[in-house]
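# Report on the structure
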Amino acid sequence: MTATAAASAAALVARLADGDRAALARLLTLAEAGGADTQSVLTALHPQVPSATVVGITGAPGAGKSTLTNRLIAAFRARGARVGVLAVDPSSPFSGGAILGDRVRMQDHEPDPDVYVRSMATRGQLGGLAGATPRFVRVLDAAGFDPVLVETVGVGQSEVAVAAAADTTVVVVTPGWGDSVQASKAGLLEVGDVFVVNKADRAATAATVRDLEAMLATAGPRGWSPPVLTTVATDGTGVAEVAACIEAHRVHLVASDALEERRERRVRDELRGLVLEALAQQADEVCTGSAFDSVVARVAAGSVDLYTASSDLLASER
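Residues numbered from 1 in each chain as written. Predicted model: local features only at pLDDT ≥ 70, side-chain atom pairs only at ≥ 80, totals over all residues. Heavy atoms only, no water.

## Re the overall build of the protein chain
Put simply, the rule reads: Secondary structure counts use DSSP, requiring at least four H or I residues in a row for a helix and at least two E residues in a row for a strand, with both numbered from the N terminus. In what follows, residue pairs with any heavy atoms lying within 4.5 Å of each other are defined as contacts. The Shrake-Rupley method, run with a 1.4 Å probe, gives the accessible areas here. Residue values count only the displayed protein chains as cover.
Looking only at helices and strands, the protein chain has 14 helices and seven strands in total. When contacts within the protein chain are restricted to residue pairs at least 6 apart in sequence, long-range pairs at least 24 apart make up 75% of them. For the protein chain, the accessible surface area stands at approximately 15500 Å², while carbon and sulfur atoms represent 56% of it.

Structure (structure tokens):
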């Protein structure tokens, strides 16, 4: 990281206090870029301890996560909160960028200076999140947005990664959902802090609520008993109750000292991710060039085994 890059990032962070959305957008872009750009942003943000409530919103495709998120924005704004949203979208198979389906549903809030919605692509990352999600949360936190809503991409069984990135995880399902089978496969019972049966104007809502409550009752004791709420996100029914429950969960986390534990675990995961990124970059550097080609030729000729060859390559970088 050059001194110029560090100074530029520091200047952008200073402009956040004035509500400079251009500076915010630029910082998010740098945070996603990786390498020296990301390092400059994280260094500039370093003195600020994250404090925003991070709410993960997860569930299978078609559950209505984006519509619910849109309504939650309005509910939190009614309480005077400044709301940041990260809508994690699928990656385009052509450009690698985000397919902006989720953001389209939140256009009602675009003119509001106290709402910031950013789409980001998974770029092949599993678990329903993008690798840069924790960095985006840090930037939005520094810009004064609280809460920060993180809506996952909707990939089904692997949508549990959001729990590691959030203080409160909202699991959205629909009537007629695969109930016990999907819950056991996705591990959603373990990660969910609030369960929402959306599209509750449909048949089978009561049965879905009963099934979820029964499964939660058999999941073992927890300090917090996850509620099962019903919503019709298209017209806003039940959304205020979801917002109130999210706030109640934060109060519980603070009172039980669990919030600090969750955030320390999040820092641990974020740090591990950065280390893995650095190691992957080193591996790319090792596995290129004439020296690597020479080792490949030796393995192909049978003069050295793969394990010894990989060990030799790593040893040459020390």
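## Some thoughts on the packing of helix H2 (residues 21–33) against helix H6 (residues 133–142)
Worth spelling out the cut-off: The angle between two axes is taken between their N-to-C directions and runs from 0 to 180 degrees, where each axis is a line fitted to C-alpha atoms and a helix contributes only its stretch in contact. Put simply, angles under 35 degrees are roughly parallel, angles over 145 are roughly antiparallel, angles from 65 to 115 are roughly perpendicular, and the rest are oblique. Whether a crossing is left-handed or right-handed is set by the direction in which the near helix is turned from the far one by less than a right angle, anticlockwise for left-handed and clockwise for right-handed. Side-chain classes are defined by residue name, with Ala, Val, Leu, Ile, Met, Phe, Trp, Tyr, Cys and Pro counting as nonpolar, Asp, Glu, Lys and Arg as charged, and the others, Gly among them, as polar.
Running from amino to carboxyl end, H2 crosses H6 at an angle of 155 degrees, the nearest separation of the two axes being 9 Å. Between H2 and H6, the interaxial angle falls into the category roughly antiparallel. H6 is crossed by H2, and the crossing has right-handed handedness. Residues Leu 24, Leu 27, Leu 28, Ala 31 and Glu 32 of H2 pack against Arg 135, Phe 136, Val 139 and Leu 140 of H6. Considering only residue class, the contact of H2 with H6 consists of seven nonpolar, no polar and two charged.

## A short note on the packing of aromatic side chains
Centre distance and the angle of the planes are the two values used to describe a pair of aromatic rings. The condition is simple: Here the aromatic set is Phe, Tyr and Trp, taking the six-membered ring for Trp, and pairing holds for ring centres within 6.5 Å; pairs whose planes are under 30 degrees apart are stacked, those over 60 apart are edge-to-face, and all others are tilted. Only Lys NZ and Arg CZ are tested; either one counts as a charge over a ring when it is within 6 Å of the ring centre and within 35 degrees of the ring normal.
In total, this model carries one aromatic pair according to the counting rule given. If you follow Arg 82 out to its NZ or CZ, it ends over the ring of Phe 145, 4.2 Å from the centre.

## Brief notes about the pattern of salt bridges
Note the following rule: Salt bridges are defined as contacts in which a side-chain nitrogen from Lys or Arg sits within 4 Å of a carboxyl oxygen from Asp or Glu. Only protein chains enter the calculation, and the probe is 1.4 Å; a residue is then buried if its accessible area is under 20% of its type maximum, exposed if over 50%, and partly exposed in between.
As enumerated under the stated definition, the model contains 11 salt bridges in all. The partner of Arg 263 in a salt bridge is Asp 167, with the nearest N and O atoms 2.9 Å apart. Of this pair, Arg 263 sits in helix H12 (residues 258–286) while Asp 167 sits in the loop between helix H7 (162–165) and strand E5 (168–173); the two residues are 96 residues apart in sequence, bridging distant segments of the chain. Here Arg 263 falls in the buried class, since its relative accessible area comes to 17%. Salt-bridge contacts for Arg 268 lead to Glu 264; the nearest nitrogen and oxygen are separated by 3.9 Å. Of this pair, Arg 268 and Glu 264 both sit in helix H12, four residues apart, roughly one helical turn. The exposed category is assigned to Arg 268, whose relative accessible area is 57%. Overlapping salt bridges, with partners in common, bring together Arg 77, Arg 82, Asp 112 and Asp 114 in one network.

## A closer look at H12
Our working rule: One less than the residue count of a helix, multiplied by 1.5 Å, gives the span that helix is expected to have.
Taking 1.5 Å of rise per residue, 29 residues should cover 42 Å, and H12 covers 42 Å from first to last C-alpha, within 8% of that figure. Among the residues making up H12, those that are buried are Ala 258, Leu 259, Arg 262, Arg 263, Arg 266, Glu 270 and Val 286.

## Topic: the side chain of Arg 135
Put simply, the rule reads: Each polar contact in these results corresponds to two N or O atoms within 3.5 Å; when the atoms are within protein, one needs to be able to donate a hydrogen and the other to accept it, and residues that are neighboring in sequence are counted only if both atoms are side-chain atoms.
The topology assignment puts Arg 135 in helix H6. Judged by its relative accessible area of 6%, Arg 135 falls in the buried class. Here Glu 277 takes part through its side chain, which lies 2.2 Å from a polar atom of the side chain of Arg 135. Other than its neighbours up to four places away in sequence, Arg 135 contacts Ala 31, Thr 38, Leu 42, Glu 270, Leu 274 and Glu 277.

## Describing the nonpolar core
Basically, it comes down to this: Joining through side-chain atoms within 4.5 Å is the link that ties buried Ala, Val, Leu, Ile, Met, Phe, Trp, Tyr and Cys residues into a set, and such a set is a nonpolar core.
Core analysis: the largest hydrophobic core is formed by 30 residues, its most contacted members being Leu 24 and Val 139. When residues of this core are traced back to their parent elements, those giving at least two are helix H1 (3–16), H2, helix H3 (35–45), strand E2 (83–89), strand E3 (115–121), H6 and strand E4 (148–151). In terms of residues, this core owes the most to one element, H2, which gives six residues. Among the nonpolar cores identified, the runner-up in size contains 26 residues, and Ala 75, Val 194, Leu 229 and Ile 246 belong to it.

## Brief notes about unusual backbone geometry
Of all residues except glycine, most have a negative phi; of all peptide bonds, most are trans. Omega for the bond connecting Asp 146 with Pro 147 falls within 30 degrees of zero, at 15 degrees, which places this linkage in the cis form. Inspection of the secondary structure puts Pro 147 in the loop between H6 and E4. A positive phi angle is found at Ala 204, which is not glycine, with a value near 75 degrees. You can see Ala 204 is positioned in the loop between strand E6 (194–197) and helix H10 (205–217). If you check the backbone angles, Asp 257 has positive phi at about 65 degrees while not being a glycine. With respect to the helices, strands and loops of the structure, Asp 257 is situated in the loop between helix H11 (239–255) and H12. A residue is classified by how much of its surface remains accessible, and Asp 257, at 52% relative accessible area, is exposed.

## Thoughts on the packing of H2 against H3
Two elements in contact, H2 and H3, have axes separated by 6 Å at closest approach and are oriented at 125 degrees. By the angle between their axes, H2 is oblique relative to H3. In the crossing of H2 with H3, the sense of the turn from one axis to the other is left-handed. Two secondary-structure elements touch here, H2 through Leu 27, Leu 30, Ala 31, Glu 32 and Ala 33 and H3 through Gly 35, Asp 37, Thr 38 and Val 41. Residues that form the contact of H2 with H3 fall into these classes: five nonpolar, two polar and two charged.

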